[in-house]
Structures are given as C-alpha cells and as structure tokens.
Number of protein chains: 2
Amino acid sequence: MFKELDPLLHSQLRLAVISLLMSLEEADFVFLREKTGATAGNLSVQLEKLSEAGYIEVAKSFLGKRPRTTCRITAQGQKAFEEYIEAIKGYIG
Amino acid sequence: MFKELDPLLHSQLRLAVISLLMSLEEADFVFLREKTGATAGNLSVQLEKLSEAGYIEVAKSFLGKRPRTTCRITAQGQKAFEEYIEAIKGYIG
DNA sequence: AACATTTGGTTTATAATATAAACTTATTTA
DNA sequence: TAAATAAGTTTATATTATAAACCAAATGTT
C-alpha cells in the first residue's frame, strides 16, 4: 500500500531541482537557485547529494572568466523520479 | 512555481497516517501501526505531532481492560492534506 | 591605485527530524 | 507465580535540512 519514498527525492529542494531538470536539457547553478529560491549554500549541498547518488551530473566550467556549474539529470535520476511519483501517488490517492 | 510543502505532512509516516485517516471515520493505534508498518515508538511520536498541530484528534479510552488510542482527522487536517496535494503536484507535474 | 561590492560558489555549524531502542504498566497465558 | 504479550511512551541517536560564515576572483567606485 505505502511504498518507500526515496529519501533522496523526498526533500523539498532536491525534488524541485530534479523536477526542473526533468524538463530541461541542462540548468546552471544560478538558474536553479533563482527558480527554487534556495540559498546558495543549501543548493550546493543538495546538488552534491544528488550528484553522489548518480541522479544528476554536475559539470564545472567557465563562462568567459566566471565559473559556471551546470547540471543535468541522468537516466538513473529520471528513473528514480518516475518511481517517486508512483510511490507518492499511493499516499495522495 | 514551487509552493511550500507543509513540513508536517512532508514526512513519510505522517503522510501515510493522514492518508489513511482521510478515508476512514477513525482508526486506532494498532491499526495504524500495522497499515503503515511503523514501530510503535515512531508512530506515537508522529501522532503526537499531528495532534499538536491540530491535524488529528486523539482519544484514549479502554476496550474492555486494554487501553485504546483512537485517531480521527480534523477539518484543519483535511484542509492541510488537500493543500499538500496541490503543492506536491507542482513538483511532480 | 585602492577599496568596496558583487558573483559564484563551498564549508561549517546548528537546529530540527525521523527513527529505533529501551522502558513502563497492565494483562493474559502456562 | 512466572513468563510472555499488549499498548503505548520516553529517551537516545543518527541523519537532515538549512543558514551563516567563509573564500576567491571579477567588477565597480572614488
């Protein structure tokens, strides 16, 4: 009846990030920070967790002289998100 | 775009409890423990939180000689649950 | 040139949370 | 009478989420 809710996704900020990345080829740090309204510190930590889990890929490069952190979702991340949706539906009917 | 997810409901066990109580007139402690698979300790703590928030009402009585804890959702709890559903839909599309 | 401010983050500290383990009190059962 | 079960509660611990503090480089200001 109640499936496990993947704790990596059952977090407001990480869920928002994954949700954004599902519909975007890629998104950079500043974009994610603005869209989610998170603080940079919090976002940094949560991106790191998603990255460690293999749910997203994080690439660091430069745009001109400024650093740029770009994220994209992995196949594993997509699968996890889809499973999360199925699971939470069991709770919200 | 991303609404706040009520932290009281954005918890696997509390969400399961509320979900059950939405479709039941009332439910007792043992029933909730079995349906959710939670430990008694965890359930006790989470029921207390939901109760403090005014999302559920907890009544303690006796069934024969054994104690019996019965829960039912309040109007406030129903409203919070419905709002939670709307909010999470913003994340899962 | 020198100083302050902004940008794009990371690291660290703290407060809140979820959870299980340990405990309590009373009741059956052997 | 002793052991086991029932129905919880309290306490301890480990994990989390989050913001505050920090850092390095670039840009703007006097």
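It should be noted that the structure appears before, not after, this text.
The model shown is predicted, which means the values in this text are computed figures rather than measured ones.

Colleague: How should I be thinking about the packing of helix 2 (residues 29-36) of chain A against helix 3 (residues 40-52) of chain A in this particular structure?
Modeller: Think of two packed helices as two axes; the pair is described by the angle between the axes and how far apart they sit. Residue and element names in this part refer to chain A. Remark: helix 2 packs on helix 3, axes separated minimally by 10 Å, with the N-to-C direction vectors making an angle of 115°. Taken together, the axes of helix 2 and helix 3 lie roughly perpendicular to each other. Once helix 2 is placed against helix 3, the crossing between them reads as right-handed. When helix 2 is examined against helix 3, the residues F29, L32 and R33 are found in contact with a partner set consisting of A40, L43, S44 and L47. Its residues placed into classes, the contact of helix 2 with helix 3 shows five nonpolar, one polar and one charged.

Colleague: Mind showing me how you'd approach helix 1 (residues 12-22) of chain A here?
Modeller: Since the α-helix turns once every 3.6 residues, residues separated by three or four places project in the same direction. Helix 1 of chain A sits mainly inside the fold: nine of its 11 residues count as buried. Among the residues of helix 1 of chain A, A:L13, A:R14, A:L15, A:A16, A:V17, A:I18, A:S19, A:L20 and A:L21 are the ones counted as buried.

Colleague: Before we go on, may I ask you to explain the pairing of strand 2 (residues 56-63) of chain A in this structure?
Modeller: Side-chain positions along a regular strand alternate between the two faces of the sheet. Residues and elements named next belong to chain A. Pairing geometry for strand 2 and strand 3 (residues 66-73), over eight bridges, is antiparallel. Opposite E57, over in strand 3, you have R72 as the bridge partner. What sits between strand 2 and strand 3 in their antiparallel hairpin is a turn of two residues, with G64 showing a positive phi close to 65°.

Colleague: Please explain the pattern of salt bridges as it appears in this structure.
Modeller: Oppositely charged side chains can pair when the atoms bearing their charge come close. Evaluated as defined, the whole model comprises 10 salt bridges over all chains. Across the pair B:K89 and B:E86 runs a salt bridge whose closest N-O atoms are separated by 3.7 Å. In this pair, B:K89 and B:E86 are both assigned in helix 4 (residues 75-92), three residues apart and thus about one turn of the helix distant. For B:E86, a relative accessible area of 45% corresponds to the partly exposed category. A cluster of three or more residues bridged by salt bridges with shared partners is formed by A:E25, A:E26 and A:R72.

Each value, and the rule that gives it
- Each chain carries its own residue numbering, running from 1 in the direction its sequence is written.
- Going through the entries in the order they are written, you letter the chains from A and number the ligands from 1.
- Local features in this predicted model are restricted to residues of pLDDT 70 or higher, and side-chain atom pairs are both shown and tallied only at a pLDDT of 80 or more, whereas totals for entire chains, interfaces and linings draw on every residue.
- Side-chain metrics in this entry use all non-hydrogen atoms of the structure; hydrogen atoms and water are not considered.
- Angles run from 0 to 180 degrees between N-to-C directions of axes, and those axes are lines fitted to C-alpha atoms, restricted for helices to the stretch in contact.
- A helix here means a DSSP run of H or I that spans at least four residues, while a strand means a run of E at least two residues long, and both kinds are numbered starting from the N terminus.
- Here roughly perpendicular refers to angles of 65 to 115 degrees, roughly parallel to angles under 35, roughly antiparallel to angles over 145, and oblique to all remaining angles.
- Working rule for handedness: look at the near helix, and if it is turned counterclockwise from the far one by less than a right angle, call the crossing left-handed; if clockwise, right-handed.
- Any two residues whose heavy atoms approach within 4.5 Å are treated as being in contact.
- Each residue is assigned to one class: nonpolar for Ala, Val, Leu, Ile, Met, Phe, Trp, Tyr, Cys and Pro, charged for Asp, Glu, Lys and Arg, and polar for all the others, Gly among them.
- A simple rule labels every residue: compare its accessible area, found with a 1.4 Å probe on the protein chains alone, to the largest value its type can have, and call it buried under 20%, exposed over 50%, or partly exposed in between.
- Two strands make a pair as long as DSSP finds a minimum of two bridges between them.
- Salt bridge, as applied in this entry: a Lys or Arg side-chain nitrogen positioned within 4 Å of an Asp or Glu carboxyl oxygen.

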